[in-house]
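So the chains spell out like this:
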Amino acid sequence: MSTRPRISSRISAISESATLAVDAKAKAMKAAGRPVIGFGAGEPDFPTPDYIVEAAVAAARDPRFHKYTPAGGLPELKQAIAAKTLRDSGYQVEASQVLVTNGGKQAVYEAFATLLDPGDEVLVVAPYWTTYPEAIKLAGGVQVDVVTDETTGYLASVEQLEAARTERTKVLLFVSPSNPTGAVYSREQTEAIGRWAADHGLWVVTDEIYEHLVYGGAEFTSIATAVPELADRVVIVNGVAKTYAMTGWRVGWLIGPSDVVKAATNLQSHATSNVSNVAQMAALAAVSGDLSAVAEMREAFDRRRQTMVRLLNEIPGVFCPEPKGAFYAYPSVKELLGKELRGRRPQSSAELAELILEEAEVAVVPGEAFGTPGYFRLSYALGDDDLAEGVSRLAKLLAEAH
């Protein structure tokens, strides 16, 4: 009998998505009859706008879309994504520089798989979204964390990035607005970081999927637009999931220099072939339409954001900076760790999150999932009533800590 491992070491090293795991546990408890409120998944609670759904229905009836189409995406969608990018961020690209992917996650994976050789280092600002480390690891890259905290609004400085750079650094991952913190870099900060990357010949992979979800005086700035000299070394990943409430449609894209896009398209041609044609036509309607539906959702998110931050900061031992974008709050709960609560003394935010799920029937994602223990991520992309009820349950339970 063979003694070789059944699962490859490469795949064995991948961790389950912590956010999806928390969401799955919350849903299982709900199915068992428990009134769980889940702050775990980053998913708008709105339905996809009707005009987008109708475009998908029409596509499903069209025999043209019952067949294989180009692996890199429908030509009309690639052209529309290029036009949308110019409209929304002022960055001009050709349709040939666009690759349509199966959601933003595939774009992230393909970006790193295309750019990295084993041992190449990627600077990653922590807290970070849970998928980035796994995509980098699968590509053979080495993640180098640049840790931020609530005292700077979770923003990294050029000085921090320079301190982490080595001769093996190839890529900077730049994310604004950020998941999980909601941090948004100003135009000046974005430009300074971009110029630093350009000066050192680094590639920049920038995740812009929350570009339309910014609040108050915050402004989205594409690093590609802010620093034109990065054009030959910048890769943008994006998608329709968050902006248009289309998480389940699985359409994202990668934009970059032609040689990178061609190589990533070759990879996709063997991995998945084309993205579902029906979903691509829905995405075409989304990116070609106006942004009125997006504005309505953003208004609701903004209201919920202010409510959540206010309620969280009223809880003793909790400190939550105001997020400027996306739809997450990332409060520090470090002051609560080690205190007694319902006969237990949770020593980590992971243990505290588990206790909260059991005792208050509220699901949050602990900071360990994002590279910074001592915090929670709470999504405010859920109904106003559930949000208020969930945070009030949190407050009632955590008030018992001593």
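Up top is the structure.
The text that follows walks through the structure, step by step, so that each part is easy to find. (Residues numbered from 1 in each chain as written. Predicted model: local features only at pLDDT ≥ 70, side-chain atom pairs only at ≥ 80, totals over all residues. Heavy atoms only, no water.)

### Some words on the overall build of the protein
Each helix and strand in the protein was counted, giving 14 helices and 12 strands. Relative to the compact-globule value of 21 Å for 402 residues, the protein shows a C-alpha radius of gyration of 21 Å, a close match. Counting only C-alpha atoms and orienting by the principal axes, one finds that the protein spans roughly 65 × 60 × 55 Å. Here the protein holds 402 residues, and the buried ones make up 56% of them. A separation threshold of at least 6 residues defines the contact pool for the protein, and within that pool the share at least 24 residues apart is 74%. Within the structure as shown, the protein displays about 17000 Å² of accessible surface, and the carbon and sulfur contribution to it stands at 52%. Each charge sign in the protein was given a centre, from 38 positive and 50 negative side chains, and these centres are 5 Å apart. (Helix = DSSP H or I, 4+ residues; strand = E, 2+ residues; numbered from the N terminus. Rg over C-alpha atoms; globule rule 2.2 N^0.38 Å. Buried < 20%, exposed > 50% of the residue type's maximum accessible area, 1.4 Å probe, protein only. Contact = heavy atoms within 4.5 Å. Areas by Shrake-Rupley, 256 points an atom, 1.4 Å probe, with all protein chains shown as cover. Lys, Arg positive; Asp, Glu negative; His and termini not counted. Charge placed at Lys NZ, Arg CZ, Asp CG, Glu CD.)

### Regarding the environment of threonine 225
Mapping threonine 225 onto the fold places it in helix α9 (residues 223-226). For the pair threonine 225 and tyrosine 380, spaced 155 residues apart in sequence, the C-alpha separation works out to 29 Å. When sequence neighbours within four positions are dropped, the list of residues in contact with threonine 225 reads Ser89, Gly90 and Tyr91.

### Digging into the packing of helix α5 (residues 103-115) against helix α6 (residues 131-138)
Orientation of α5 relative to α6, taken along the N-to-C sense of each, is 35°, at an axis distance of 8 Å. Remark: the crossing between α5 and α6 carries right-handed chirality. Touching Lys105, Val108, Tyr109 and Phe112 of α5 are Thr131, Tyr132, Ala135, Ile136 and Leu138, all from α6. Grouping the amino acids of the contact of α5 with α6 by side-chain chemistry returns 7 nonpolar, 1 polar and 1 charged. (Axes fitted to C-alpha atoms, helices over the stretch in contact; angles between N-to-C directions. Left-handed = near helix turned anticlockwise from the far one by under 90°. Nonpolar A, V, L, I, M, F, W, Y, C, P; charged D, E, K, R; others polar.)

### Brief notes about the nonpolar core
Within soluble globular proteins, side chains that are nonpolar generally end up buried alongside one another. Grouped together as the largest cluster of nonpolar side chains are 64 residues, with contacts concentrated most on Leu77, Leu161, Leu172, Val204, Val240 and Val251. Here this core takes 7 residues from helix α11 (residues 277-288), the largest share from any one element. Look past the residues within four positions of leucine 172 in its chain and what remains in contact with it is Leu123, Leu161, Ile193, Trp196, Ala197, Trp203, Val204 and Val205. Formed by 42 residues, the second largest nonpolar core is a distinct cluster that contains Met297, Leu341, Ala381 and Val391. (Core = buried A, V, L, I, M, F, W, Y, C linked by side-chain atoms within 4.5 Å.)

### A few points about the side chain of serine 348
Of note, serine 348 is situated in the loop between β9 (328-329) and α13 (349-360). Relative accessible area serves as the criterion here: at 18%, serine 348 is assigned to the buried category. Side-chain polar atoms of serine 348 contact the backbone nitrogen of glutamate 351, separated by 3.1 Å. Beyond its immediate stretch of four places on either side in the chain, serine 348 contacts Leu337 and Glu368. (Polar contact = N/O pair within 3.5 Å; in protein donor to acceptor, adjacent residues only side chain to side chain.)

### Describing the layout of surface pockets
For the largest pocket, the calculated volume is near 500 Å³. Lining of the largest pocket is provided by 27 residues; of these, Gly42, Lys105, Trp129, Lys242 and Arg250 occupy positions nearest its centre. The set of elements that each furnish at least two residues to the lining of the largest pocket consists of α2 (18-31), α5 and β7 (234-239). With 4 residues, α2 is the single largest residue contributor to the lining of the largest pocket. In the lining of the largest pocket, the residues fall into 11 nonpolar, 8 polar and 8 charged. Reported here for the second largest pocket is a volume of approximately 330 Å³. Elements with a contribution of two residues or more to the lining of the second largest pocket: α2 and β1 (37-38). (1 Å grid on protein atoms, 1.4 Å probe; cavity = no way out; pocket = protein on both sides within 12 Å on 5 of 7 lines; lining within 4 Å. Points joined across faces, edges and corners; volume = space filled by probe spheres on them.)

### A word on α2
An ideal rise of 1.5 Å per residue puts 20 Å on 14 residues; α2 measures up with 20 Å between its terminal C-alpha atoms. Looking at the buried side of α2, the elements it contacts are α13, β10 (362-363), β11 (365-366) and β12 (376-379). One or two steps after α2, the chain reaches glycine 33, where phi turns positive at roughly 100°. (Expected span 1.5 Å × (residues − 1).)

### Comments concerning the sheet that holds strand β5 (residues 169-175)
Strand order in the open sheet formed by 7 strands is β2-β8-β7-β6-β5-β3-β4, and the pairing between neighbours is mixed. At either end of the open sheet lies a strand with only one pairing partner, and these are β2 (98-101) and β4 (142-147). Sheet twist, expressed as the mean angle between neighbouring strand axes with direction ignored, is 20°. Contacts from α6 reach β3 (121-126), β4, β5 and β6 (203-207) within the one sheet, and its direction differs from that of β4 by about 150°. (Pairing = 2+ DSSP bridges.)

### Brief notes about the sheet that holds β11
Within the open sheet, the 3 strands sit side by side as β9-β12-β11. Their pairing is antiparallel. Whereas interior strands pair on both sides, the edge strands pair on one side only; in this sheet they are β9 and β11. Here β9 runs beside β12; their pairing, made up of 2 bridges, is antiparallel. Note on β12: the bridge partner recorded for tyrosine 328 is serine 379.

### Some thoughts on empty space enclosed by the protein
The full count for this structure, using the stated rule, is 5 cavities of 30 Å³ or more. Of all elements in the fold, only β3 and β5 reach the threshold of two or more residues within the lining of the largest cavity. Of the residues belonging to the lining of the largest cavity, the class tally is 12 nonpolar, 3 polar and no charged. Estimated volume of the second largest cavity: approximately 40 Å³. As for the second largest cavity, its lining consists of Tyr91, Val93, Gln97, Ala231, Val234, Val235, Ile236, Ile255, Gly256 and Pro257. Ranked by the residues each element gives to the lining of the second largest cavity, the list is headed by β7, at 3 residues. Split by residue class, the lining of the second largest cavity holds 8 nonpolar, 2 polar and no charged.

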